[in-house]
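Reading the structure
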Amino acid sequence: MFAIIQNGIPDSEMSGQWYTPREIWQVVAFVRTLGRIAPQKIDGDPTRGQSLYANRGDCARCHTVNGRGG
């Protein structure tokens, strides 16, 4: 997982990252926790989130699925 985060996946939209090795290990540790705790309902405004995503510009650089936010 470390190598994939650091180097990216060839021929995909996932490029390598500029994080320090320590930061990459922190991401790896976080990802490994996913699915181990019960999901929590979080407050939020999906419409506002869509607006922020569309208007900030830099989100879509990495967070896209088939050309849309995901």
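Scroll up for the structure.
Quick caveat: nothing in here was measured; it's all calculated off a predicted structure.

How each quantity is defined
Residues numbered from 1 in each chain as written. Predicted model: local features only at pLDDT ≥ 70, side-chain atom pairs only at ≥ 80, totals over all residues. Heavy atoms only, no water. 1 Å grid on protein atoms, 1.4 Å probe; cavity = no way out; pocket = protein on both sides within 12 Å on 5 of 7 lines; lining within 4 Å. Points joined across faces, edges and corners; volume = space filled by probe spheres on them. Nonpolar A, V, L, I, M, F, W, Y, C, P; charged D, E, K, R; others polar. Helix = DSSP H or I, 4+ residues; strand = E, 2+ residues; numbered from the N terminus. Buried < 20%, exposed > 50% of the residue type's maximum accessible area, 1.4 Å probe, protein only. Polar contact = N/O pair within 3.5 Å; in protein donor to acceptor, adjacent residues only side chain to side chain. Expected span 1.5 Å × (residues − 1).

1. Brief notes about the layout of surface pockets
Roughly 270 Å³ of volume is contained in the largest pocket. Along the walls of the largest pocket sit Ile 5, Glu 13, Met 14, Ser 15, Gln 17, Tyr 19, Val 27, Cys 62 and His 63, which together make up its complete lining. Here the lining of the largest pocket is built from residues that sort into 5 nonpolar, 3 polar and 1 charged.

2. A look at the environment of Asn 7
Here Asn 7 lies in helix H1 (residues 2-7). On the basis of relative accessible area, Asn 7 is assigned to the exposed category, the value being 54%. As for Asn 7 and Gln 17, which are separated by 10 residues in sequence, their C-alpha atoms are 6.7 Å apart.

3. What to know about unusual backbone geometry
Look at Asp 11: it is not a glycine, yet its phi comes out positive at around 60 degrees. Secondary-structure assignment places Asp 11 in the loop between H1 and helix H2 (21-33). Classification of Asp 11 by relative accessible area gives exposed; the value is 86%.

4. As for the environment of Val 31
Relative to the assigned elements, Val 31 resides in helix H2. For the pair Val 31 and Gly 44, spaced 13 residues apart in sequence, the C-alpha separation works out to 22 Å.

5. A closer look at helix H3 (residues 46-56)
Among the 11 residues in H3, 0 count as buried, and that is only a small part of the element. For H3, the N-terminal cap is Asp 45; the gap from its side-chain oxygen to the backbone nitrogen of Thr 47 is 3.1 Å.

6. A closer look at H2
In this model, H2 (13 residues) spans 19 Å end to end at C-alpha, consistent with the 18 Å of a helix rising 1.5 Å per residue. In the stretch just after H2, Gly 35 is the one whose phi turns positive, near 85 degrees.

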